[in-house]
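Here is how the chains run, residue by residue.
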Amino acid sequence: MISKSLEEYLKTMYILKMQNGNIRVTDVANKMGYTKSGVNKALHNLNDNGYVNYESYGTIELTEQGVNLAKKTLEIYDIIYLFLNEVLEIDSNEAEKEAEKIKSVISDETTNKLAKYVHKVLGLNELNCNYNVNNERCRCCKKRCKR
């Protein structure tokens with residue numbers, strides 16, 4: 001188990017990988033507003049825990065374990081954002097800020113229950129998603145719903 005802070009690094013690196021095809025320390029530092037030395041320290045911790053493959057001044061590669069945790073972190077954010085924006089009708093900018101804060105403290109059990117509620121309220125339950133925070137169905141269901 002790693003800290004929520006390190007999960008944020010993984011999420012950011014996953015997004016950078018999807019956008020740019022590669023991950024550089026400088027890009028992570030710029031995106032997160034941290035120093036390169038702070039990013040390097042986090043990378044060594046993530047490397048030691050098997051979430052990334054990284055050597056100083058080298059490329060950063062997410063392991064399968066790192067990708068899975070990054071996706072899970074994104075999923076939790078999505079569920080909370082949907083609840084705030086579409087169920088409670090909070091402005092999208094404010095919902096983004098609040099979802100980011102809530103995501104860092106919410107438990108898997110609460111996320112699962114919130115996801116099932118959001119699915120029911122938004123009419124996604126007919127897609128048989130049976131959301132669980134450890135899989136990707138919610139993000140996929142939401143995409144299918146908008147098509």
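(A) Spatial organisation of the overall build of the chain. When you go through the chain residue by residue, the secondary structure sums to seven helices and two strands. Put simply, the chain runs from its N terminus to its C terminus through helices and strands in the order α-α-α-β-β-α-α-α-α. Each of the 147 residues in the chain was classed as buried or not, and the buried ones make up 41%.

(B) How the structure looks around helix α3 (residues 36-48). The end-to-end C-alpha separation of α3 is 18 Å, in line with the 18 Å expected for 13 residues at 1.5 Å each. Listed in full, the buried residues belonging to α3 are V39, A42, L43 and L46. Each buried residue of α3 sits inside an arc of 105° when the element is viewed along its axis, so together they form one side. Opposite its buried face, α3 presents the exposed residues S37, K41 and D48, each directed more than 90 degrees away. On its buried face, α3 is in contact with α1 (4-20), α2 (25-32), β1 (52-54) and β2 (60-62). At the exit of α3 stands G50, carrying a positive phi of roughly 85°.

(C) The arrangement of the packing of aromatic side chains in detail. According to the stated counting rule, one finds three aromatic pairs in the structure shown. Seen from their ring centres, Y9 and Y34 are 5.6 Å apart, and the 40° between their planes marks the pair as tilted. Of the two residues, Y9 is situated in helix α1 and Y34 in the loop between α2 and α3; the sequence distance between them amounts to 25 residues. The buried category is assigned to Y9, whose relative accessible area is 6%. Ring geometry for Y77 against Y81: centres 6.1 Å apart, planes inclined by 15°, an arrangement best described as stacked. Placement of both Y77 and Y81 in helix α4 (residues 64-87) is noted, with a separation of four residues, approximately one turn of the helix. When its relative accessible area of 18% is taken as the criterion, Y81 is described as buried. A cation sits over an aromatic face here: K11 above Y77, 5.9 Å from the ring centre.

(D) Summary view of the nonpolar core. The biggest cluster of nonpolar side chains holds 24 residues, and the ones touching the most others in it are Y9, L10, M13, L46 and V52. In terms of residues, this core owes the most to one element, α1, which gives six residues. Look past the residues within four positions of Y9 in its chain and what remains in contact with it is V28, M32, Y34, G38, V39, A42 and L46. Grouped together as the second largest cluster of nonpolar side chains are 14 residues, I76, L82, L84 and A115 included.

(E) Inspection of the packing of α4 against helix α5 (residues 92-103) at higher detail. For the pair α4 and α5, interaxial distance at closest approach is 8 Å and the crossing angle is 135°. Relative to α5, the element α4 lies oblique. Handedness of the α4/α5 crossing: right-handed. When α4 is examined against α5, the residues T73, I76, Y77, I80, Y81, L84 and N85 are found in contact with a partner set consisting of S92, A95, E96, E98, A99, E100, I102 and K103. Among the residues forming the contact of α4 with α5, the class breakdown is eight nonpolar, three polar and four charged.

(F) Quick peek at the confidence of the model for the chain. Per-residue confidence for the chain gives a mean pLDDT of 83, with 84% of residues at or over 70. Per-residue pLDDT stays below 50 along residues 142-147; that stretch engages in four contacts with residues further than four places along the chain or on separate chains.

Cut-offs and rules
Counting restarts for each chain, with residues numbered from 1 along the sequence as it is written. Side-chain atom pairs in this predicted model are given and counted only at pLDDT of 80 or more, local residue features only at pLDDT of at least 70, and totals for whole chains, interfaces and linings cover all residues. Where side-chain values are given, they derive from all heavy atoms of the structure, hydrogens and water being excluded. Each helix corresponds to a stretch of at least 4 residues labelled H or I by DSSP, and each strand to a stretch of at least 2 residues labelled E; elements are numbered beginning at the N terminus. We call a residue buried when its accessible area falls under 20% of the maximum for its residue type, exposed when it is over 50%, and partly exposed in between, using a 1.4 Å probe and counting protein chains only. One less than the number of residues in a helix, times 1.5 Å, gives the span that helix is expected to have. The arc in question is the one traced by the directions running from the helix axis out to the C-beta atoms. Contacts are residue-level and defined by heavy atoms, with any inter-residue pair within 4.5 Å sufficient. For this analysis, a ring pair means two rings from Phe, Tyr or Trp (six-membered ring only for Trp) whose centres lie within 6.5 Å, classed as stacked if their planes differ by under 30 degrees, edge-to-face if by over 60, and tilted for the remaining angles. Placement of a charge over a ring requires the Lys NZ or Arg CZ to be within 6 Å of the ring centre, with the centre-to-atom vector within 35 degrees of the ring normal. We call a set of buried Ala, Val, Leu, Ile, Met, Phe, Trp, Tyr and Cys residues a nonpolar core when their side-chain atoms join them within 4.5 Å. Here an angle of 0 to 180 degrees is reported between the N-to-C directions of two axes, which are lines fitted to C-alpha atoms, with helices fitted over the stretch in contact. What sets the label is the angle itself: under 35 degrees gives roughly parallel, over 145 gives roughly antiparallel, 65 to 115 gives roughly perpendicular, and the rest give oblique. Left-handed describes a crossing whose near helix is turned anticlockwise from the far helix by less than a right angle; the clockwise case is right-handed. Basically, the charged four are Asp, Glu, Lys and Arg, the nonpolar ten are Ala, Val, Leu, Ile, Met, Phe, Trp, Tyr, Cys and Pro, and anything else, Gly included, counts as polar. Per-residue confidence from the predictor is given as pLDDT, running between 0 and 100.

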